[in-house]
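# Per-entry structural report
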Amino acid sequence: MLKMTDVSKIYRTDTVETHALREFSLTVDEGEFVSVTGPSGSGKTTFLNIAGLLEEMTSGTYELDGRDISKLNDRERSRVRNEKIGFIFQSFNLIPELNIFDNVDVPLRYRGLNAAERKRRIEESLDMVGLASRLKHQPAQLSGGQQQRVAIARALAGEPRFLLADEPTGNLDTHMADSVLDLLSEINSNGVTIIMVTHELTLADRAKRNIFVRDGQVTDAAPEFLRAANG
Amino acid sequence: MEFGPIWRALLKNKGGAILIALQIAVTMAIMVNSISIMQERATNMQRPSGMDEANTLTFASISFASDADNRATYINDLEMLRNTPGVINAVGTNSFPLRGGGWSMGLQTEPGEDMGGVGSAIYFGDEHMIETFGVELIDGENFSPEQVVFLDPDNFRWEPYVIVTEALAKTLFPDEEGSVVGKTAYINQNDPVQIIGVIDQLQAPWQGWDEVEHALFSPVKRAEGFARYVVRTEPGMRDELLPQLEEMLASADKTRLIRAAQTFDEVREGAYLGDSAMIKILGFVITLLTIITGLGIVGLASFNVSRRTRQIGIRRALGATKPAIMRYFMLENFMISSVGVVVGGALAIGLNIFMVETFNLTPMSWWVVPAAMIVLWLVGQAAVAGPARRATRIAPSIATRSG
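Remember, predicted model here, so these are calculated numbers, not experimental data.

What counts, and where the lines are drawn
Residues numbered from 1 in each chain as written. Chains lettered and ligands numbered in written order. Predicted model: local features only at pLDDT ≥ 70, side-chain atom pairs only at ≥ 80, totals over all residues. Heavy atoms only, no water. Helix = DSSP H or I, 4+ residues; strand = E, 2+ residues; numbered from the N terminus. Rg over C-alpha atoms; globule rule 2.2 N^0.38 Å. Buried < 20%, exposed > 50% of the residue type's maximum accessible area, 1.4 Å probe, protein only. Contact = heavy atoms within 4.5 Å. Areas by Shrake-Rupley, 256 points an atom, 1.4 Å probe, with all protein chains shown as cover. Lys, Arg positive; Asp, Glu negative; His and termini not counted. Charge placed at Lys NZ, Arg CZ, Asp CG, Glu CD. Pairing = 2+ DSSP bridges. Axes fitted to C-alpha atoms, helices over the stretch in contact; angles between N-to-C directions. Core = buried A, V, L, I, M, F, W, Y, C linked by side-chain atoms within 4.5 Å. Phe/Tyr/Trp six-rings, centres within 6.5 Å; stacked < 30°, edge-to-face > 60°. Salt bridge = Lys/Arg side-chain N within 4 Å of Asp/Glu carboxyl O. Parallel < 35°, antiparallel > 145°, perpendicular 65-115°, else oblique. Left-handed = near helix turned anticlockwise from the far one by under 90°. Nonpolar A, V, L, I, M, F, W, Y, C, P; charged D, E, K, R; others polar.

### Let's talk about the overall build of chain A
Within chain A, the secondary structure is distributed over 8 helices and 10 strands. Computed over the C-alpha atoms, the radius of gyration of chain A is 18 Å, within 12% of the 17 Å expected from 2.2 N^0.38 for a compact globule of 231 residues. Expressed as a percentage of its 231 residues, the buried residues of chain A come to 54%. Within chain A, residue pairs in contact and separated by at least 24 positions form 71% of the contacts whose partners lie at least 6 positions apart. When the accessible surface of chain A is totalled, it reaches about 10,000 Å², and 44% of it is carbon and sulfur. Looking at chain A, you have 28 positive and 34 negative side-chain charges, and the mean spots of the two groups are 4 Å apart.

The following block contains the structure:
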């Protein structure tokens, strides 16, 4: 499904070179629920950006669904993001000017689906996250947990092959966080591959496999300091 | 197309959009009516005066001697002018088209007061008028030398023969299908004048007059202290002859001054100086307003791009291509501009109706409103293109940054 080999990412300024990822290698099989954990600055978000085709890597190879991603141009990368990947962000990233229906509709329009098909998918995905009755609500009228559910519905509406979740419960209280994680588990049980980036080991334990990142590289197990930080 | 979501999003942040739409509407109203005024002025400027303008020149003779024999000078001047090689003909007259000053009288078909006269410019001159002015006699005949008299300022009376323009003839006798030659009109309410000839076209001296095509020749020679001469030259000789003739007349009689020596091109330029300036000023105003509107659109679009940086990143992350981001801003501007030009179209029509009724302007041409709409749409699209292109450069990774 996802195979990264010796991926590195270097951010350069005039005077400084920052190695965000160093020879990062990871394979995720179809249907897995993988958590990626690490301290701040470890390279989790850079990994997520590259995995989600939001950024280009400096070197290495990345295959998604058997396709070499490094050779794609901007338009093809946009299409892959739109058709294969669903994103769930820490701060929900709903568009505040659009109502719930229009927010879920955003990626579907970029895919060029007809209106009836889009409507069916929007209603189904919102129904799945329990917000079918809030179609005309504005994001600001919903709680944080509800907004994250809308974001999940937006990701699901595109019927992606895998979901990339960036600290999906970071802005939620414990109760809402559990609810969102339950939802992710349910989605995974339906065959969708999920990669969840988080710094909380307790949340990472909800995944079927845990990957630990430190200094831009995958490590074998969670470092002690991370366990200590998480209590 | 994302008309629905864009429209609903606009309604959430409508302040800036309404201001820009209003700016476009006001620009449109001013642009349309300015174009209409410019068009009217330009059309007026292009009307033919009826004269052979390319080969005509004029000057005035002003005598300052108290014992001058003005009649002898007048006769001598015209004889010299007509005998100069390169001169086709010359005439002494009181005025000519586009001069801005002259005589006008009312003509009527029945004598008496309150008979509803038709206004007409009066050009005094002799039998050389038709050839000198370069007009065509289309009916009747020219004055005979015997019909022409010198004006007696102490005992003025209207001579009984006139030659009229075709436009004046048609206004005076609207039901006459045949010739008007031989018909009698009344000038100064009760003085009968017989129409002996009809010329094709000649304007009055006042180009802004409603009845500018109404003019007549009266067979009178004015040999007073002030005489105005019109000279028609062979093609290509005008500019060369102007200083020569001026010098010739000045040398022939040292007791007078030759002034206002002009080609007819200069006469026309002077006559339409105000219209020409008005066209330039309105053109400048339209250009300035359009630029200001364009800059307003650039400002709003730039602000929107900055305000929506994160949103653009999210859209990119969700699969929007760069052209899709570009299209979003272009479409948004198109919708704002559409509201502006529709409101502006209504404003423009309302303002035009008001101006037509109040200032007696010509109603605008049908195509001005749609043409202005297209121009403002294009200006809007051009103005938003820069900020929209900047928006396409926003990276999708913005979406994963906290904030």
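### Comments concerning the sheet that holds strand 1 (residues 2-12) of chain A
Residue and element names in this part refer to chain A. The 4 strands are arranged 2-1-4-5 in an open sheet whose pairing can be described as antiparallel. At either margin of the open sheet sits one strand with a lone partner, and together these are strand 2 (17-28) and strand 5 (67-68). Pairing between strand 1 and strand 4 (residues 59-64): 5 bridges, direction antiparallel. The partner of S8 across the bridge, within strand 4, is S59. Here helix 1 (residues 44-51) sits on the sheet and contacts strand 1, strand 2 and strand 4; the angle it forms with strand 1, its principal contact strand, is near 120°.

### Notes on the nonpolar core
One finds L2(A), M4(A), F47(A), Y62(A) and F162(A) to be the most contacted residues of the largest nonpolar core, which totals 85 residues. It is helix 10 (residues 322-359) of chain B that provides the largest number of residues to this core, a total of 12 residues. Sequence-distant contacts of L2(A), that is, excluding residues within four places in its chain, are made with L26(A), T27(A), V28(A), A51(A), Y62(A), E63(A), L64(A), F162(A) and I195(A). In terms of nonpolar packing, the next biggest core, distinct from the first, is built from 36 residues, F101(A), L113(A), L181(A) and L183(A) among them.

### Notes on the packing of aromatic side chains
Residue and element names in this part refer to chain B. This structure, assessed with the given rule, holds 19 aromatic pairs over all chains. The interplanar angle of 75° and the centroid separation of 6.4 Å between the aromatic rings of F59 and Y229 together place this pair among those described as edge-to-face. Placement of F59 in strand 1 (residues 56-63) and of Y229 in strand 12 (residues 226-233) is noted, with a sequence separation of 170 residues between them. You can call F59 buried: its relative accessible area is 0%. The class for Y229 is buried, based on a relative accessible area of 1%.

### A few points about the pattern of salt bridges
Throughout the structure, instances matching the rule amount to 33 salt bridges over all chains. Notably, a salt bridge pairs R316(B) with D74(A), separated by 2.8 Å at the nearest N-O pair. Here R316(B) is found in helix 9 (residues 309-317), whereas its partner D74(A) is found in helix 2 (residues 74-84) on a different chain. When its relative accessible area of 2% is taken as the criterion, R316(B) is described as buried. Judged by relative accessible area, D74(A) falls into the partly exposed class, the value being 30%.

### Examining the sheet that holds strand 8 (residues 193-198) of chain A
Residue and element names in this part refer to chain A. Pairing in this open sheet of 6 strands is mixed, and the strands run 6-7-8-3-9-10 from one edge to the other. Single-partner strands in this sheet number two, and they are strand 6 (85-88) and strand 10 (217-219). The sheet shows a mean angle of 25° between the axes of neighbouring strands, taken without regard to direction. The pairing of strand 9 (residues 209-214) with strand 10 spans 3 bridges and is classified as antiparallel. Among the inter-strand pairings, R214 is bridged to a residue of strand 10, identified as Q217. Together, strand 6 and strand 7 (162-166) form the strand contacts of helix 5 (residues 144-157), whose direction differs from that of strand 6 by roughly 175°.

### Things to note about the packing of helix 2 (residues 14-46) of chain B against helix 10 of chain B
All names here are of chain B. Interhelical geometry of helix 2 versus helix 10 gives an angle of 40° and a closest axis separation of 7 Å. Comparing the axis directions of helix 2 and helix 10 gives the class oblique. As helix 2 runs across helix 10, the sense of the crossing is right-handed. Residue composition of the contact of helix 2 with helix 10, grouped by class: 17 nonpolar, 7 polar and no charged.

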